[in-house]
Amino acid sequence: MSTTTSEGGAAPALTAKDFKGKVSPDWCPGCGDYGVLACIQRASAELGIPPHRVVTVSGIGCSSNLPGYIATYGMHTLHGRSLAVATGVKMANHELTVLATGGDGDGYGIGGNHFTHTARRNVDLTYIVMNNQIYGLTTGQVSPTSLPGMKTKSTPFGNLEPQYNPITSAIMNGATFVARGFSGHGNHLVELIKKAIGHRGFSVVDVFSPCVTFNHDNDFKFFRDRVRKLEDEGHDPSDWKAACEKALLWGDVIYTGHFFEVDRPYLDAQEPVLDKGGALSHRKLGLTGEQATKVLQKMM
Ligand code: SF4
């Protein structure tokens, strides 16, 4: 796909290299997050979105370092707060493609409140969660998606808590696109991310992205032996009941794929202030420099 230059001519097609950041990831060798980063870069290039039209926002954690490794605008924010900041970015300039990225502890634990309400509001952004079922950055504590019985530094006698299900939670809270991928199935994950970015509304892609250093229970082999793609089984993403039933399965078969999608008005399309006049960030404030300074001083 070609993009257009400011002179109106066709620009060369984008490649994943156009999204390569100046800093190389410092993740452990073999970490699943490498595959997810590569898939986001490939998907963005294949969609032909110029890097300067994309903002990548993250929280805290190994995977939340991702905005430093991709050549889009980016913000590395507070623990669990990526969706709150990403919502602010989208409302300030709804013409941008906004991606939020992070891990299961950051997004489903510390940021659980924001996950619920971003889904309910149906904000038009894409949330890619690198789900390794453990807190990796802090060297291996139990997370909301850890399996019951799992022994970690914080659960030496085994995890007592049930596993959080991000797919059913996203659907029940109102997310309008819900998918799950696996870092070891790159081509499939690229297609899911492309669909998610193309969807208008809150799109969630939960990705099995193994932590090879601290989670030896759920490694690449664990998922390779169990993962089946919904696309191979004729699943209908408009059927929310079937989506939930498939999402609840966790055993010899664990499904990845496009679980659920529905059209529902998204937040920035309903906000009357954004109706005309373009992005808020490009509008004139209607204040003199002196007035603007006074307002800022009052707020400090
Ligand atoms: Fe990846 Fe785990 Fe290493 Fe963090 S600790 S970089 S999640 S392998």
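Note: the structure precedes this text.
Residues numbered from 1 in each chain as written. Predicted model: local features only at pLDDT ≥ 70, side-chain atom pairs only at ≥ 80, totals over all residues. Heavy atoms only, no water.

Draft legend 1. Looking closely at the overall build of the chain. A tally of helices and strands in the chain yields 10 helices and 10 strands. Since a compact globule built from 300 residues should have a radius of gyration of about 19 Å, the 20 Å found for the chain is in line with a globular shape. Across its three principal axes, the chain shows a C-alpha extent of roughly 65 × 45 × 40 Å. Sequence separation of 24 or more characterises 69% of the internal contacts of the chain that already satisfy a separation of 6 or more. Where the 28 positive side-chain charges of the chain centre and where its 28 negative ones centre are 5 Å apart. (Helix = DSSP H or I, 4+ residues; strand = E, 2+ residues; numbered from the N terminus. Rg over C-alpha atoms; globule rule 2.2 N^0.38 Å. Contact = heavy atoms within 4.5 Å. Lys, Arg positive; Asp, Glu negative; His and termini not counted. Charge placed at Lys NZ, Arg CZ, Asp CG, Glu CD.)

Draft legend 2. Focus on a nonpolar patch on the surface. A contiguous nonpolar surface patch, about 550 Å² in accessible area, is contributed by Leu285, Leu287, Val295, Leu296 and Met299. Tracing the sequence through the fold places leucine 285 in the loop between α9 (267-270) and α10 (289-299). (Patch = residues over 30% accessible without salt bridge, like charges linked within 9 Å, V, L, I, M, F, W, Y side chains within 5 Å. Areas by Shrake-Rupley, 256 points an atom, 1.4 Å probe, with all protein chains shown as cover. Salt bridge = Lys/Arg side-chain N within 4 Å of Asp/Glu carboxyl O.)

Draft legend 3. Looking closely at the environment of valine 227. Checked against the element boundaries, valine 227 lands in strand β9 (residues 227-229). Judged by relative accessible area, valine 227 falls into the buried class, the value being 8%. A C-alpha to C-alpha distance of 9.8 Å links valine 227 and phenylalanine 208, two positions 19 residues apart in sequence. Setting aside residues up to four positions removed in sequence, valine 227 forms contacts with His185, Phe208, Ile254 and Thr256. (Buried < 20%, exposed > 50% of the residue type's maximum accessible area, 1.4 Å probe, protein only.)

Draft legend 4. Looking closely at the packing of aromatic side chains. Taken as a whole, this structure holds 14 aromatic pairs when the rule is applied. Their ring planes at 80° and their centres at 5.7 Å tell us that phenylalanine 208 and tryptophan 250 sit as a pair that is edge-to-face. With phenylalanine 208 in strand β8 (residues 203-208) and tryptophan 250 in the loop between α8 (240-247) and β10 (254-261), the pair connects residues that are 42 residues apart, well separated along the chain. Taking the relative accessible area as the measure of exposure, tryptophan 250 reaches 29% and is therefore partly exposed. Taken together, Phe182, Phe208, Phe220, Phe222, Phe223 and Trp250 form an aromatic cluster joined through their ring pairs. Above the ring of phenylalanine 222, the side-chain terminus of arginine 226 is found at 4.0 Å from the ring centroid. (Phe/Tyr/Trp six-rings, centres within 6.5 Å; stacked < 30°, edge-to-face > 60°. Lys NZ or Arg CZ within 6 Å of the ring centre and 35° of its normal.)

Draft legend 5. Molecular detail of α8. Listed as buried for α8 are Ala242, Ala243, Cys244 and Ala247. Looking at the packing, one finds that the buried side of α8 touches α5 (166-173), β7 (177-182) and β10. Between the side-chain oxygen at the start of α8 and the backbone nitrogen of lysine 241 there is a gap of 3.2 Å, and the oxygen is on aspartate 239. (Polar contact = N/O pair within 3.5 Å; in protein donor to acceptor, adjacent residues only side chain to side chain.)

Draft legend 6. The arrangement of the packing of α5 against α8 in detail. Packing of α5 against α8 leaves a shortest axis separation of 8 Å and a crossing angle of 155°. On the basis of the axis angle, α5 is roughly antiparallel to α8. In this structure, α5 crosses over α8, and the sense of that crossing is left-handed. Contacts from Ile167, Thr168, Ile171 and Met172 in α5 reach Trp240, Ala243, Cys244 and Ala247 in α8. Within the contact of α5 with α8, the residues separate by chemical class into seven nonpolar, one polar and no charged. (Axes fitted to C-alpha atoms, helices over the stretch in contact; angles between N-to-C directions. Parallel < 35°, antiparallel > 145°, perpendicular 65-115°, else oblique. Left-handed = near helix turned anticlockwise from the far one by under 90°. Nonpolar A, V, L, I, M, F, W, Y, C, P; charged D, E, K, R; others polar.)

Draft legend 7. Structural view of the environment of histidine 52. By the secondary structure assignment, histidine 52 is in the loop between α1 (33-47) and β3 (54-58). Between the C-alpha atom of histidine 52 and that of valine 262, which follows or precedes it by 210 residues, the distance is 29 Å.

Draft legend 8. Structural view of the pairing of strand β6 (residues 126-131). Of all six residues in β6, six are buried, a share of seventy percent or more. Here β6 shows a buried face lined by Thr126, Ile128 and Met130 and a second buried face lined by Tyr127, Val129 and Asn131. As defined by bridge partners, strand β5 (residues 97-103) adjoins β6 across five bridges and the pair is classed as parallel. Bridged to threonine 101 within β6 is isoleucine 128. Sheet topology places β6 next to β8; six bridges connect them, and they run parallel. Residue pairing in the sheet places tyrosine 127 in a bridge with valine 204 of β8. (Pairing = 2+ DSSP bridges.)

Draft legend 9. Examining the side chain of histidine 258 more closely. Residue placement: histidine 258 occurs in strand β10. Side-chain polar atoms of histidine 258 contact the side chain of glutamate 261, separated by 3.0 Å.

Draft legend 10. Looking closely at the pattern of salt bridges. All told, the structure shown has eight salt bridges when counted by the stated rule. Its salt-bridge partner being glutamate 191, residue lysine 194 comes within 3.5 Å of it at the nearest N-O pair. Of this pair, lysine 194 and glutamate 191 both sit in helix α6 (residues 186-198), three residues apart, which is roughly one turn of that helix. Of the residues examined, glutamate 191 reaches a relative accessible area of 41% and is grouped as partly exposed. Put simply, glutamate 245 and lysine 241 hold a salt bridge, and the shortest N to O gap is 3.1 Å. On the criterion of helical spacing, the pair formed by glutamate 245 and lysine 241 is a turn pair, its members being four residues apart in helix α8.

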